[in-house]
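Close look at the chain arrangement
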Amino acid sequence: MKATERGILSSHDYRRPSTIAVMILMSIVILFMVFTMLYPIGVTFTNSLKTVIEVNSFPPKFLPSGLEWGNYKEGWHYMDLPLFLRNTLILFAGNLLVTVLVLGLAAFTLSKLKIPHRKLIYFFFLMTLFIPPSTYIVPNFVNLKDLHLLNTYWAFWLPAGASAFNLLLLKSFFDDISDEIFEASRIDGASNWYGFSRIALPLSIPIISTLAIFLFSATWNDWFWPSLVMHGDPKYPLATAIYKKVIQATGLKQNVKFAILSMVALPPIVVFLLFQKFILRGLHLGGVKG
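First, a word on what this report is: a plain description of the structure on this page. (Residues numbered from 1 in each chain as written. Predicted model: local features only at pLDDT ≥ 70, side-chain atom pairs only at ≥ 80, totals over all residues. Heavy atoms only, no water.)

Here the focus is the layout of surface pockets. By volume, the largest pocket amounts to about 1100 Å³. Of all the secondary-structure elements, those providing two or more residues to the lining of the largest pocket are α5 (81-112), α6 (118-128), α7 (137-146), α8 (154-160), α9 (164-175), α12 (205-221) and α13 (224-229). Sort the elements by how many residues they give to the lining of the largest pocket and α12 lands first, with 5 residues. Among the residues forming the lining of the largest pocket, the class breakdown is 23 nonpolar, 7 polar and 1 charged. What the second largest pocket holds in volume is close to 570 Å³. Lining the second largest pocket are 22 residues, and of these W220, N221, V264, A265 and P268 sit closest to its centre. Going through the elements one at a time, α2 (17-47), α12, α14 (238-247) and α15 (254-274) are the ones with two or more residues in the lining of the second largest pocket. It is α15 that contributes the most residues to the lining of the second largest pocket, 7 residues altogether. (1 Å grid on protein atoms, 1.4 Å probe; cavity = no way out; pocket = protein on both sides within 12 Å on 5 of 7 lines; lining within 4 Å. Points joined across faces, edges and corners; volume = space filled by probe spheres on them. Helix = DSSP H or I, 4+ residues; strand = E, 2+ residues; numbered from the N terminus. Nonpolar A, V, L, I, M, F, W, Y, C, P; charged D, E, K, R; others polar.)

Quick look at the structure:
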């Protein structure tokens, strides 16, 4: 007889009327939540294919009477999307590089090296997670201004090297790597840098992939901080350019606005569909241990 895993509910529990009623109620709630999340996305894509009259009509209609693909062509030529996309990818690449090198070395040091007051340093970084991120805005802006780093990509890369959450996430992963591997490498004459670059990093591909997805999402969606430290189109990332040139635009037709927003929303959706298993793994790895 094949053994089956025992869950929270047994086969007898599933036959109880109260359990069935609760499961039906939970399914309805989940379907409602899914609908509320997908409806704005659906409205954005359908409005991007409507005429101006259909977008502003009342009562509104969800489906367009015809497909106005010219809205996408007009939206593409309205602003230099490739330029802003390039800026966003440069920011993402720099953030990922700084996270892997700076935070990776710091996490490796706290996890595998015997440094003085290691637990106290770890506790200090853990406490910073309880400080609201909005309180960092003014001090970060003043520091970057004093360092003459405003309107440069370092205004993003430098703060990326001080993310306590990413540091603790990497340290939590390094803690699960056996210490015997690094001790054996030291006996063979390997340095700590060799242990980090040749042993720890290759074994950390899962957590680095997860961090890359998180960093991509944060870089793609962030518009407020870039609007403070960047000045002018040549340096704007995509989200800031969309906010300033599309959301705040008064003379732009509504259907063209929705077409631009649809083009901008498509890449994160594709990234999520392709790498959703890494995102779910990242949520599991996000439980930082003490």
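Having seen the structure, we can now continue with the description.
Next up on the list: the pattern of salt bridges. Taken as a whole and assessed by the stated rule, the structure comprises 3 salt bridges. For K253, the salt bridge goes to E74, with nearest N and O atoms at 3.3 Å. Here K253 is found in the loop between α14 and α15, whereas its partner E74 is found in helix α4 (residues 70-78), with 179 residues between them in sequence. The class of K253 is partly exposed, set by a relative accessible area of 36%. Using a relative accessible area of 34% as the deciding quantity, one classes E74 as partly exposed. A salt bridge links D175 to K171, with the shortest nitrogen-to-oxygen separation between them at 2.9 Å. One end of the pair is D175 and the other is K171, both in helix α9 and 4 residues apart, which spans about a single turn. For D175, a relative accessible area of 28% gives the class partly exposed. (Salt bridge = Lys/Arg side-chain N within 4 Å of Asp/Glu carboxyl O. Buried < 20%, exposed > 50% of the residue type's maximum accessible area, 1.4 Å probe, protein only.)

The subject of this paragraph is the nonpolar core. With 30 residues, the main nonpolar core has M79, F156, V229, L238, I242 and I260 as its most contacted residues. Of all elements in the fold, only α5, α8, α12, α13, α14 and α15 reach the threshold of two or more residues within this core. Filtering out sequence-adjacent residues up to four positions away, I260 remains in contact with G75, Y78, M79, I242, V246 and L252. Counting residues in each nonpolar core, the second largest holds 20 residues, with V100, A107, I177 and F196 among its members. (Core = buried A, V, L, I, M, F, W, Y, C linked by side-chain atoms within 4.5 Å. Contact = heavy atoms within 4.5 Å.)

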